[in-house]
Amino acid sequence: MTITITAFERSPDRGKGLARDMPVRWALEEVGQPYDVRLLSFSAMKEPAHRALHPFGQVPTYEEGDLALFESGAIVFHIAERHAGLLPDDANARARAITWMFAALSTVEPPIVERSMAMLVERDKGWYEERLPILDKRVRDRLDELSGRLGDADWLDDAFSAGDLLMVAVLRRLQGSGILEKYPNLSAYVARGEARPAFERAFEAQLAVFIGDLPTG
Ligand code: GTB
């Protein structure tokens with residue numbers, strides 16, 4: 001059955017692979033599942049046809065036969081459950097990998113998103129300069145803890161899993177901030193994720209959308 005995902009017609013990240021179709025594309029590449037992409041403008045995302053798939057009028061969505069999903073984390077989890085390669089077979093190791101998926105999205109990502117949102121929409125506020133160090137510290141606190149846990153391991157729990165996929169996707173949002181760069185083991189962890197052939201294919205595919213270099217025919 002054909003898998004179709006949705007993505008920005010023109011991503012605000014300018015092809016950096018930071019929008020949330022990226023982890024979905026990466027997961028599909030990891031498990032070797034081909035997929036189609038339906039590109040949407042901001043206004044098309046708010047149309048009833050798309051809202052029927054995504055109640056919040058966002059991307060990505062995932063369609064496969066009569067199944068329609070939204071939320072990138074849930075989509076990655078679905079892909080990981082249906083196909084081998086992203087979750088270990090051992091029940092306990094699988095539960096730990098799923099725990100890391102949640103940790104990425106609900107513990108590590110929120111302070112990172114809060115910081116980037118402040119930089120995007122609060123720069124002109126009088127209190128911005130005072131607030132930024134507070135937001136930076138919240139991010140650094142999480143990274144201190146994550147860095148301590150990762151130590152010199154390659155991945156968070158033995159073999160690469162969907163937990164690492166989401167954690168690397170979350171940490172990539174900090175690239176160039178000067179914060180991630182202070183953690184050599186986390187920077188190397190992100191680089192290891194980005195060096196995976198599946199990541200590279202997913203990255204090239206989303207970049208091709210941004211530069212308009214889509215396959216024809
Ligand atoms: N929790 C949802 C999920 O994980 O799927 C969040 C989905 C979401 O935020 N989607 C965004 C969207 O559709 C695109 S990815 N926004 C349009 C809207 O809400 O109207 C978010 C995103 C965009 C750009 C960058 N960037 O430039 O770095 C990073 C992340």
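Residues numbered from 1 in each chain as written. Predicted model: local features only at pLDDT ≥ 70, side-chain atom pairs only at ≥ 80, totals over all residues. Heavy atoms only, no water.

**Student:** It is not clear to me how the site of the ligand should be interpreted in this structure. Could you clarify?
**Tutor:** Neighbouring the ligand are 15 residues, the closest being Lys46, Gln58, Val59, Glu71 and Ser72. A distance of 2.7 Å is found between a nitrogen atom of the ligand and a side-chain nitrogen or oxygen belonging to Glu71. For the ligand, the protein covers 76% of the area, taking 680 Å² as the surface of the free molecule. When atoms are counted within 2 Å of each cavity's grid points, the one that captures over half of the ligand is the largest pocket. Among the residues forming the shell around the ligand, the class breakdown is 8 nonpolar, 2 polar and 5 charged. (Near = heavy atom within 4 Å. Polar contact = N/O pair within 3.5 Å; in protein donor to acceptor, adjacent residues only side chain to side chain. Areas by Shrake-Rupley, 256 points an atom, 1.4 Å probe, with all protein chains shown as cover. 1 Å grid on protein atoms, 1.4 Å probe; cavity = no way out; pocket = protein on both sides within 12 Å on 5 of 7 lines; lining within 4 Å. Sits in = over half its atoms within 2 Å of the grid points. Nonpolar A, V, L, I, M, F, W, Y, C, P; charged D, E, K, R; others polar.)

**Student:** What am I meant to see in the layout of surface pockets here?
**Tutor:** The probe, sized like a water molecule, is rolled over the atoms to show the empty space still left. One number sums up the size of the largest pocket: a volume of about 1000 Å³. Around the largest pocket, the lining comprises 33 residues; the ones closest to its centre are Leu18, Ala19, Arg20, Met117 and Arg173. Elements that contribute at least two residues to the lining of the largest pocket include exactly α2 (42–45), α4 (72–82) and α5 (91–121). Here the lining of the largest pocket takes 9 residues from α5, the largest share from any one element. (Points joined across faces, edges and corners; volume = space filled by probe spheres on them. Helix = DSSP H or I, 4+ residues; strand = E, 2+ residues; numbered from the N terminus.)

**Student:** I keep staring at the packing of α4 against helix α7 (residues 162–172) and nothing clicks. Help me out?
**Tutor:** Between two packed helices, what matters for the description is the angle formed by their axes and the separation of those axes. Here α4 crosses α7 at 150°, and the two axes come no closer than 10 Å. Between α4 and α7, the angle is such that the two are roughly antiparallel. Crossing geometry of α4 relative to α7 is assigned as right-handed. Along the contact surface, α4 presents Gly73, Val76 and Ala80, while α7 presents Ala162, Leu165 and Leu166. Grouping the amino acids of the contact of α4 with α7 by side-chain chemistry returns 5 nonpolar, 1 polar and no charged. (Axes fitted to C-alpha atoms, helices over the stretch in contact; angles between N-to-C directions. Parallel < 35°, antiparallel > 145°, perpendicular 65-115°, else oblique. Left-handed = near helix turned anticlockwise from the far one by under 90°. Contact = heavy atoms within 4.5 Å.)

**Student:** Would you mind showing me how to read the pattern of salt bridges here?
**Tutor:** Pairing between side chains becomes possible if they bear opposite charge and their charged atoms approach one another. Tallying each qualifying case throughout the model produces 17 salt bridges. A salt bridge links Asp21 to Arg25, with the nearest nitrogen and oxygen atoms 2.7 Å apart. In this pair, Asp21 and Arg25 are both assigned in helix α1 (residues 21–30), 4 residues apart and thus about one turn of the helix distant. This pair shows no difference in class: Asp21 is buried, exactly as Arg25 is. Between Arg115 and Asp136 there is a salt bridge; the shortest N-O distance is 2.6 Å. With Arg115 in helix α5 and Asp136 in helix α6 (residues 128–150), this pair connects stretches of sequence that are 21 residues apart. For the residue pair Arg115 and Asp136, the accessibility class agrees, reading buried in each case. Among the charged side chains, a salt-bridge network with shared partners connects Glu114, Glu122, Arg131 and Arg138. (Salt bridge = Lys/Arg side-chain N within 4 Å of Asp/Glu carboxyl O. Buried < 20%, exposed > 50% of the residue type's maximum accessible area, 1.4 Å probe, protein only.)

**Student:** Can you walk me through the pairing of strand β2 (residues 36–40) in this structure?
**Tutor:** Residues in a regular strand project their side chains so that they alternate between the two faces of the sheet. Where strand β1 (residues 3–8) meets β2, 5 bridges bridge the pair, whose relative direction is parallel. Bridged to Ala7 within β2 is Leu39. Considered for its hand, the β-α-β crossover made up of β1, α1 and β2 is right-handed. (Pairing = 2+ DSSP bridges. Right-handed = clockwise from strand over helix to strand, strands pointing away.)

**Student:** What should I look at first to understand the sheet that holds β2 in this one?
**Tutor:** Across a sheet, strands are paired by hydrogen bonds formed along the backbone, either parallel or antiparallel in direction. Taken in spatial order, the 4 strands of this open sheet run β2-β1-β3-β4, and their pairing is mixed. Here the strands that pair on one side only, and so sit at the sheet edges, are β2 and β4 (67–70). When strand polarity is set aside, the average angle formed by the axes of neighbouring strands in this sheet is 20°. As judged from the 3 bridges shared by β1 and strand β3 (residues 61–64), these two strands associate in the antiparallel manner. Of the residues in β3, the one forming a bridge with Ile5 is Tyr62.

**Student:** Got a minute to help me understand empty space enclosed by the protein in this structure?
**Tutor:** The final tally for this structure, using the stated rule, is 3 cavities of 30 Å³ or more. Estimated volume of the largest cavity: approximately 140 Å³. Every residue lining the largest cavity is counted, 16 residues in all, and those nearest its centre are Leu18, Arg20, Pro23, Ala169 and Val170. Among the elements of the structure, α1, α5 and α7 are those that each provide at least two residues to the lining of the largest cavity. Here the lining of the largest cavity takes 4 residues from α7, the largest share from any one element. When grouped by side-chain class, the residues that make up the lining of the largest cavity number 10 nonpolar, 2 polar and 4 charged. Here the second largest cavity is characterised by a volume of approximately 110 Å³. Lining the second largest cavity are 14 residues, with Phe8, Ser11, Asp21, Gln206 and Val209 sitting closest to its centre. Elements supplying a minimum of two residues to the lining of the second largest cavity: β1, α1 and α9 (197–211).

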